[in-house]
Number of protein chains: 6
Amino acid sequence: MGKVVTLGEIMLRLSTEQGTRIDSSERFVAHYGGGEANVAISLANYGHDAVFATKVPDNALGKAVKKHLQCYGVDTKQVLSGGPRLGTYYMETGSGERAASVIYDRAGSSFAEMDHLEWSLEELFQGIDIFHVSGITPALSKKWQKMTKQVIEAAKKAGCLISFDINYRGKLWTQQEASEVIHQLLPLVDICSAGKMDALYLLGIEKAPEAEEQPLIYYYQKMQEKFPNIQVFYSTKRTVHSASENELKGTLWMNHEYVESHVHRITPIVDRVGGGDAFAGGVLHGILSNMPPQEIIDFATAASALKHTIHGDCNQFSQEEVAQFLACGSGKIIR
Amino acid sequence: MGKVVTLGEIMLRLSTEQGTRIDSSERFVAHYGGGEANVAISLANYGHDAVFATKVPDNALGKAVKKHLQCYGVDTKQVLSGGPRLGTYYMETGSGERAASVIYDRAGSSFAEMDHLEWSLEELFQGIDIFHVSGITPALSKKWQKMTKQVIEAAKKAGCLISFDINYRGKLWTQQEASEVIHQLLPLVDICSAGKMDALYLLGIEKAPEAEEQPLIYYYQKMQEKFPNIQVFYSTKRTVHSASENELKGTLWMNHEYVESHVHRITPIVDRVGGGDAFAGGVLHGILSNMPPQEIIDFATAASALKHTIHGDCNQFSQEEVAQFLACGSGKIIR
Amino acid sequence: MGKVVTLGEIMLRLSTEQGTRIDSSERFVAHYGGGEANVAISLANYGHDAVFATKVPDNALGKAVKKHLQCYGVDTKQVLSGGPRLGTYYMETGSGERAASVIYDRAGSSFAEMDHLEWSLEELFQGIDIFHVSGITPALSKKWQKMTKQVIEAAKKAGCLISFDINYRGKLWTQQEASEVIHQLLPLVDICSAGKMDALYLLGIEKAPEAEEQPLIYYYQKMQEKFPNIQVFYSTKRTVHSASENELKGTLWMNHEYVESHVHRITPIVDRVGGGDAFAGGVLHGILSNMPPQEIIDFATAASALKHTIHGDCNQFSQEEVAQFLACGSGKIIR
Amino acid sequence: MGKVVTLGEIMLRLSTEQGTRIDSSERFVAHYGGGEANVAISLANYGHDAVFATKVPDNALGKAVKKHLQCYGVDTKQVLSGGPRLGTYYMETGSGERAASVIYDRAGSSFAEMDHLEWSLEELFQGIDIFHVSGITPALSKKWQKMTKQVIEAAKKAGCLISFDINYRGKLWTQQEASEVIHQLLPLVDICSAGKMDALYLLGIEKAPEAEEQPLIYYYQKMQEKFPNIQVFYSTKRTVHSASENELKGTLWMNHEYVESHVHRITPIVDRVGGGDAFAGGVLHGILSNMPPQEIIDFATAASALKHTIHGDCNQFSQEEVAQFLACGSGKIIR
Amino acid sequence: MGKVVTLGEIMLRLSTEQGTRIDSSERFVAHYGGGEANVAISLANYGHDAVFATKVPDNALGKAVKKHLQCYGVDTKQVLSGGPRLGTYYMETGSGERAASVIYDRAGSSFAEMDHLEWSLEELFQGIDIFHVSGITPALSKKWQKMTKQVIEAAKKAGCLISFDINYRGKLWTQQEASEVIHQLLPLVDICSAGKMDALYLLGIEKAPEAEEQPLIYYYQKMQEKFPNIQVFYSTKRTVHSASENELKGTLWMNHEYVESHVHRITPIVDRVGGGDAFAGGVLHGILSNMPPQEIIDFATAASALKHTIHGDCNQFSQEEVAQFLACGSGKIIR
Amino acid sequence: MGKVVTLGEIMLRLSTEQGTRIDSSERFVAHYGGGEANVAISLANYGHDAVFATKVPDNALGKAVKKHLQCYGVDTKQVLSGGPRLGTYYMETGSGERAASVIYDRAGSSFAEMDHLEWSLEELFQGIDIFHVSGITPALSKKWQKMTKQVIEAAKKAGCLISFDINYRGKLWTQQEASEVIHQLLPLVDICSAGKMDALYLLGIEKAPEAEEQPLIYYYQKMQEKFPNIQVFYSTKRTVHSASENELKGTLWMNHEYVESHVHRITPIVDRVGGGDAFAGGVLHGILSNMPPQEIIDFATAASALKHTIHGDCNQFSQEEVAQFLACGSGKIIR
């Protein structure tokens, strides 16, 4: 099994129950999550050694974060304690045509306020196979734009494969700002989650010609031509019928080969937060396990589909459970 | 913004949770609502001055009604206190093929037992743009048949537009009784919620010829011919696939023009009680805001669709939220 | 109305709430149920005298079983008290593509550990019209293989019709073991729940010829040829789109006639446990009430469809409610 | 074991959860109860044949009443179905210094509206040892004042002992009205729950002389002198420290002997509704079981104390559990 | 009835349920409150015109604040909308010996970040009888130290009585800082909540001589000597037996007279947050209603005691309910 | 910090909510716990390396156990997977005078069914300071009587201090059986939880003379004379006022010195399960931290008192939190 470090912010999500608005909710359900943390949990579930590096305040919410991670077997030795607060956000759970609605209250968090890398990077990356980080981390501050590059360089130097999930969030930075920073990072990256939108709006790839029959392959090719160091690109194609029903297909470009999963019809959606992270976790697991591309994309998409059926940000399924789901198909009780 | 008075009964609804029958339910969810109250709340949400006139008992349930209305900014100065009890009903929430099931326990309520109009009608309607009442109010008692006419006449005299929602309930009165009363009221009305069923069974309109391509337009025309004082007719067309899935289309006849909304597929239905009132509230908002007909019907139907995704009888969305929903379409998280 | 005895094990089911896994669930919902108990409750709901015979431990869980049965009017005089424990199982409720997942903890229960028939069989079957038992009972132990035969013989002798639901469970015994025992029992049986899978894998019927247009009729015919004593065969055909959406059709072979219900689209499925028992209960009710075959199958399938919309193992609908559901169709509020 | 009939109204209680007011409660907990129903359940729990006679509406709330009674093994064959509604009341659960607060909504119920005895009294009382009714029943209407007398006479004629619990409720009738009716009933009574307040304000007993050391014995003696037909008087003495803490002592006058229980300190009070009925049930059980007076009062008071620790109106403890509680004392886990 | 303005911050409190720690809580109960907001609600409950002035973010949490206030009839026209966020805090509810534990996350709130008074002070104070503010407001920032003085001066100029609750919070500022600011404010104040601790540590009063029999009177006298403009001083004396049991006594110095309430034994404490604000609200109500001092202190302390029995920050009792509580005493059901 | 191994069974506890009986509970709260597991969690909370060795089934309940332990940072590498089932028990939570009531369903568990020590004992005890086990483990089976001795001998040989908690359970074995086994184990033990009852009924110490002023010291002395290898004895003295109120005092005999804590009045008791384990965990922490005896007993008793205020079997407080509780006393909010 592999050894992985992921690094990023983890937040407290406060959600309403189905059919209740934030402004009249008498209680909020609490979940802890963040892109990189969710990937670490997926990988720990699959049996890998997963370390999550972050910084949380020295209070009960910081402890809650550690308990959450430890519960899934993620190593929390690199979870720093200190700083002003834990980032939070409020989510009004969507239903049918009504989309979920979010209030961010993440500014000034212990992680976002960091101004230097407080970990011993040497110790952090010793013996690590993959280092994973997302585009949310450099989006948090000017400091983090620099620090993300530093930490990736240190990981690279220590011999890690670099996994990067672009994960562009328009609420955190502009396309231009993101584009600049990402262009600095991608030459260091080996595995990259990026899709058509990223290609067009952040990486400056030209629109596929109208005649192109498989535009996604076109974008993957162009991205790889631009960043030949990246061996793996992957993304999901999500068709949103409503907040309660989506279709999801996984796609992967690997070793110059394109594969895709079958389409999962996900209805009802119990909780779609973290669906992308479950997908990324599945891809990294496939790579660490030397699966062939088709197997990787089937596994990763199945993991993401399962995540949608469970409350909380993180994938809670083991390798065996995802495999059994792939084997058995949809919805039957075994008894 | 406009000034509106609505008047009617408000009841306590006691519902089971999904998948639980009334006869084995250990608890009931409490919601307060009534057609006219729900319309007042919609209009207050959209920024209008909304006054709701009713009578509730002088006890904690009466207070609960006031708190519920005040919470949304509805003016409760015209909520009278006294009388024997608050009308209640029990609802076994439907699911899939199983329809909701209702036990009414509304007889003898403080409102239904009123035998004269206890409000100062002059004060009530001073400066008011629209007075809204539904066909449930005259259905409550012989007294209320007379009093509904009196109150409409007073509003008319004070210069209000009269809005009337036929809202026929077979459990409260017979078609014949309803028909007689409604024929007395409609000559006073300016805006009327009425559809094909009302035309056929209450207003004595003949069935549209088989060849008629748009029978709904036919009915609207015929109704207006009969009551030329009414400038606006509106109704929804609901296709019930199951208790959990409906399709909803809004239709409007205004200034001799027919418009309709696109069809909303509502699944899952969280709570359909008050869907019609949210629609009526949207239409009145459109009229008060001088929207063109197509905009009115789009807004009103969207408001009704949103209502179905939330627990409780009343629309809880602001004008901005309904507009954003119309602009963005179904089910996407914005982040 | 008829008099019926059913006999079998009843267990405590501990379920998670939707979207929560067993390994992170802070609470479990408790339901009591078992095939034969569920049939007894259905029949009591329809107005028949229903007696359930079982053995439960002499503790609060045993009392809970009795309260559960009594609540629906089932006669519990034949519920024995004693033995080591109540069988339990844990259910992770399925959702969408994710199937329900079950952990059985039923070994060593008071019922399964019985080594002789502790009831007075004479008293048990006095004046009884139908005795119903399922294939789960002989699957519990070698002793129960024998005791099931004994109890059926005693019922037969007392003049009861024998109703048997094959209900094969691969987790309890092998096909071969089941086949042998069932071949001993079926010559005593009058009414049998069995479908294509039972015909092929347990009763040794050959596969229907490819050209056969209605293979189910073929299997019913072949089964009856083999067991001419059985006058009624019935089963459901379930199409599993997901854990949240199934289609269900009931089929019946009776007096050499084949009838089937229309297809019920069940979505969302609130709780499918006991769906088959509700179907069996409907069939037995139809027989006791001398309904014609088409009416029986419509009633039984409707009862099963309704069961899926309610939490808990047992059908909670009266004869009138099932009939009204058949008359009114899907999902409309009556008000 | 004995055979008992109790007769009276049963209502739906809708309670808030601790620390929540009625006017801001989003849900209500549902309990079904009434003095005579609660006594019937107590006696069924102790192994007696208990029949409860009442009238409930023919709807799901009426069914809920039957399910509630059947669950405890009470015979519901004499529960009539029909009439307008089930009486209800709302309870704001008290806590500490804040008393519980109640809104009655019981007028016009199916039971209260009865104008003649719809049961076959001969059948009702055949083979019955004790008939129990409370002073709430004649308080419901003028008709019920007469009908209560009729039903008691019929029971007396059929050879039943008559048990009457005065249970004066100032919200239902005046002291004078109550006094008159009770004076008509008591000459027919054998067992009577009445205490000092009843003696003084309803039965016209003069205040005990100041010097009297045991005024309660005085009142019991005087009451019995007045109604020599009554062999047993009993009541509890409750010291209310707060809504969460009471002290409770049971007292009994039987065969000219006075006995009392030790004082139970009840804290926290989980639910005190039905505490008196559990006490009455215990006394009747003692009489039916030929216990000596001291044993009766210890058992009945213990049953009442246990009732206070459980949600719901009725005693849920078996004879063995009450006995064990008496033997073991307060609050120890046995493991 | 009077007209009152209160001004200050209002926050979202996120609490655990009893017996659950923050770091393992799956959900948080949401309450909105703040000292001045709670006082406004109390006064609105008692029938006064109460205006609350604050600033909340323009999102669903800001709307929730308005709904909360409106629900109790508080005027929200002076609730400004904008700024970065709503202050929040997490509370681990205490129980028995274990004290409640709090994590503040209030920095950077829309209110605390204000740098000038955005209200029209003239409009704000027109026709107002009392302006109430607490020492928490100047503790929020250097700006608010100045702005608090400005706003008090404007109120004074407009003819309001000034009510000030010292409410010292060591987590927000030092004693020295507080002392300086409070010395600037108190010369403008008419009614002041301050006790022995405030006298000693903030107002520089010397410790009462050992021989002093009634040291509290001493401190009130000394404080008034120092600030002769203040006519009313009041405070509570709380004896903390545990987080679940307190004793509470109210004391008042008014017109050179000292009065105190009887001692309330509060057990169990449901929620003590806002207990002091309920007391202040009661005192201001007494002053507005021209009650004599003893009546004021009895009423205010009773209101505070009732507050402790209800979840949420604000007093939810009407004038009549507090008066009835005073009249009836502890814990009896009226029925 | 120290390194500790504890070994024993861990079970699923299924509890009712306050005021609900097992036989009418619609849901059960799930907690995982066992004496040795609880001690391991306490020690992990205090910062020690804690390993828990057990065997759980290879299913979701087994996973739940691991997640529970990992969440608190307990090392689960020695948690074996396999065997038939997880032991469970049902608990009816007590309240006031009504004691908790328990149904054990622990027979045949994966741990109890073990017939040889499946761990590598060498690896298990390498570098470990203390090995802790309780008298429940040998009580589970004849095999475990032998295996407990074996595992203690292996730990001793590896240089561990041996900690043994007698924890006699009459439901598992007789006093005679327990006495024999414990006499074999105690000569190997260094630290022992044993009190007066153990001395008298299991260790054959004679009753203290009537004149003895401090009988507990007498028993500690006598026990140590008998087992001079044991340096530390400790136990709690619990006065049970009710299921909701206990008094608790900790006592310790160490280095021939007797110390005791002050008395904690614990009311309300939220959950007393695991109170003794929290005490034992505190004592072991004190020994590992070289605290003086008085500090040990104060810390351990405080930890136990805190445990009673929280749901769940295990102590959830850190070293700092227990210390702060000792410093601050009962029930005050810090803000």
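Residues numbered from 1 in each chain as written. Chains lettered and ligands numbered in written order. Predicted model: local features only at pLDDT ≥ 70, side-chain atom pairs only at ≥ 80, totals over all residues. Heavy atoms only, no water.

Enquirer: Break down the sheet that holds strand β2 (residues 11-15) of chain F for me, citing the residues and quoting the values.
Expert: Taken in spatial order, the 8 strands make up an open sheet running β7(C)-β6(C)-β2(C)-β3(C)-β3(F)-β2(F)-β6(F)-β7(F), and their pairing is mixed. The sheet terminates laterally at β7 (101-105) of chain C together with β7 (101-105) of chain F, the two strands that pair on one side only. Averaged over all pairs of adjacent strands, the angle between their axes in this sheet comes to 25 degrees, without regard to strand direction. The sheet contact formed by β2 of chain F and strand β3 (residues 27-33) of chain F spans 5 bridges and is antiparallel. Bridge assignment links R13 of chain F to a residue of β3 of chain F, and that residue is H31 of chain F. Running at roughly 60 degrees to strand β3 (residues 27-33) of chain C, helix α2 (residues 60-71) of chain C makes contact with β2 (11-15) and β3 of chain C together with β6 (88-92) and β7 of chain F of the sheet. (Pairing = 2+ DSSP bridges. Helix = DSSP H or I, 4+ residues; strand = E, 2+ residues; numbered from the N terminus. Axes fitted to C-alpha atoms, helices over the stretch in contact; angles between N-to-C directions. Contact = heavy atoms within 4.5 Å.)

Enquirer: I'd like a rundown of the relation of the copies chain A and chain B, residues and numbers included.
Expert: Here chain A sits on chain B after a turn of 120 degrees about the axis and a move of 0.0 Å along it, with an RMSD of 0.0 Å. Expressed as a symmetry operation, the mapping of one chain copy onto the other fits a three-fold axis. No C-alpha of chain A lies nearer the rotation axis than that of P268 of chain A, which sits 4.9 Å from it. (Least-squares fit on C-alpha atoms with pLDDT ≥ 70 in both.)

Enquirer: Give a description of the interface of chain A and chain B that names residues and reports values.
Expert: The parts lose accessible area when they come together, and the size of an interface is often stated as this lost area. Residue-level contacts link 24 residues of chain A with 21 residues of chain B. When the buried surface of chain A facing chain B is broken down by residue, R21, E97 and R98 of chain A rank first, second and third, together holding 35% of it. Here chain A and chain B share 2 salt bridges between them. Of the charged contacts, one joins E245 of chain A and R265 of chain B as a salt bridge, the two residues approaching to 3.6 Å between their closest N and O atoms. (Buried area = accessible area lost by both parts, 1.4 Å probe. Salt bridge = Lys/Arg side-chain N within 4 Å of Asp/Glu carboxyl O.)

Enquirer: Let's hear about the interface of chain E and chain F: which residues, and what values?
Expert: Taken together, the contact between chain E and chain F spans 24 residues of the former and 21 residues of the latter. Across the chain E to chain F interface the summed buried area is about 2,000 Å²; carbon plus sulfur atoms make up 51%. When residues of chain E are sorted by the area they lose upon contact with chain F, R21, E97 and R98 of chain E head the list and together hold 34% of the total. The interface formed by chain E and chain F includes 2 salt bridges. Residue E321 of chain F is joined to R21 of chain E by a salt bridge in which the shortest nitrogen-to-oxygen separation is 2.8 Å. Taken together, the connections running from chain E to chain F amount to 7 residue pairs in polar contact (both at pLDDT 80 or more). If one sorts the elements of the side of chain E that touches chain F by residue count, strand β11 (residues 232-242) of chain E sits on top with 3 residues. Looking at the side of chain E that touches chain F residue by residue, the class counts come to 7 nonpolar, 10 polar and 7 charged. (Polar contact = N/O pair within 3.5 Å; in protein donor to acceptor, adjacent residues only side chain to side chain. Nonpolar A, V, L, I, M, F, W, Y, C, P; charged D, E, K, R; others polar.)

Enquirer: Break down the pattern of salt bridges for me, citing the residues and quoting the values.
Expert: One pass over the structure, following the stated rule, counts 123 salt bridges over all chains. Close ionic contact of R27 of chain B with E26 of chain B constitutes a salt bridge, the shortest N to O distance being 4.0 Å. Given a relative accessible area of 30%, E26 of chain B falls into the partly exposed group. Between D105 of chain F and R85 of chain C there is a salt bridge whose closest N-O contact spans 2.6 Å. Here D105 of chain F is found in strand β7, whereas its partner R85 of chain C is found in the loop between β5 (79-81) and β6 (88-92) on a different chain. This pair shows no difference in class: D105 of chain F is buried, exactly as R85 of chain C is. Through salt bridges with shared partners, one network takes in E245 and R265 of chain A, E245 and R265 of chain B together with E245 and R265 of chain C. (Buried < 20%, exposed > 50% of the residue type's maximum accessible area, 1.4 Å probe, protein only.)

Enquirer: I'd like to hear about empty space enclosed by the protein, residue by residue, with values.
Expert: Residues and elements named next belong to chain A. All told, the structure shown has 6 cavities of 30 Å³ or more when counted by the stated rule. Taken as a whole, the largest cavity encloses approximately 50 Å³ of empty space. Mapped onto the lining of the largest cavity, the elements with two or more residues apiece are β14 (264-266) and α9 (293-307). Looking at side-chain class alone, the lining of the largest cavity contains 5 nonpolar, 3 polar and 3 charged residues. (1 Å grid on protein atoms, 1.4 Å probe; cavity = no way out; pocket = protein on both sides within 12 Å on 5 of 7 lines; lining within 4 Å. Points joined across faces, edges and corners; volume = space filled by probe spheres on them.)

Enquirer: Talk me through the sheet that holds strand β2 (residues 11-15) of chain D; I want residue IDs and the actual numbers.
Expert: The 8 strands are arranged β7(B)-β6(B)-β2(B)-β3(B)-β3(D)-β2(D)-β6(D)-β7(D) in an open sheet whose pairing can be described as mixed. Since the sheet does not close on itself, it has two edges, and those belong to β7 (101-105) of chain B together with β7 (101-105) of chain D, each with one partner. Direction aside, neighbouring strands of the sheet carry axes that sit 25 degrees apart on average. Looking at chain direction, strand β6 (residues 88-92) of chain B and β7 of chain B are connected through 5 bridges and run antiparallel. Residue pairing for β7 of chain B: Y90 of chain B is matched across the bridge by I103 of chain B.

Enquirer: Tell me about the packing of helix α8 (residues 275-288) of chain A against α9 of chain A, residues and numbers included.
Expert: Residue and element names in this part refer to chain A. Close contact between α8 and α9 brings their axes to 8 Å; oriented N to C, the two are set at 150 degrees. With respect to α9, the element α8 is oriented roughly antiparallel. Crossing of α8 against α9: the hand is right-handed. Residues G275, A278, F279, G282, V283, H285, G286 and I287 of α8 form the contact with α9, whose own contacting residues are I296, I297, F299, A300, T301, A303, S304 and K307. Per-class residue counts for the contact of α8 with α9 are 9 nonpolar, 6 polar and 1 charged. (Parallel < 35°, antiparallel > 145°, perpendicular 65-115°, else oblique. Left-handed = near helix turned anticlockwise from the far one by under 90°.)

Enquirer: How would you explain the environment of V5 of chain A if you had to name every residue and give the values?
Expert: All names here are of chain A. Considering the arrangement of structural elements, one finds V5 in strand β1 (residues 3-7). Sequence separation of V5 and V133 is 128 residues, and the distance between their C-alpha atoms is 8.7 Å. Residues contacting V5, with those up to four places away along its chain left out, are V51, L124, F125, I128, I130, F131 and H132.

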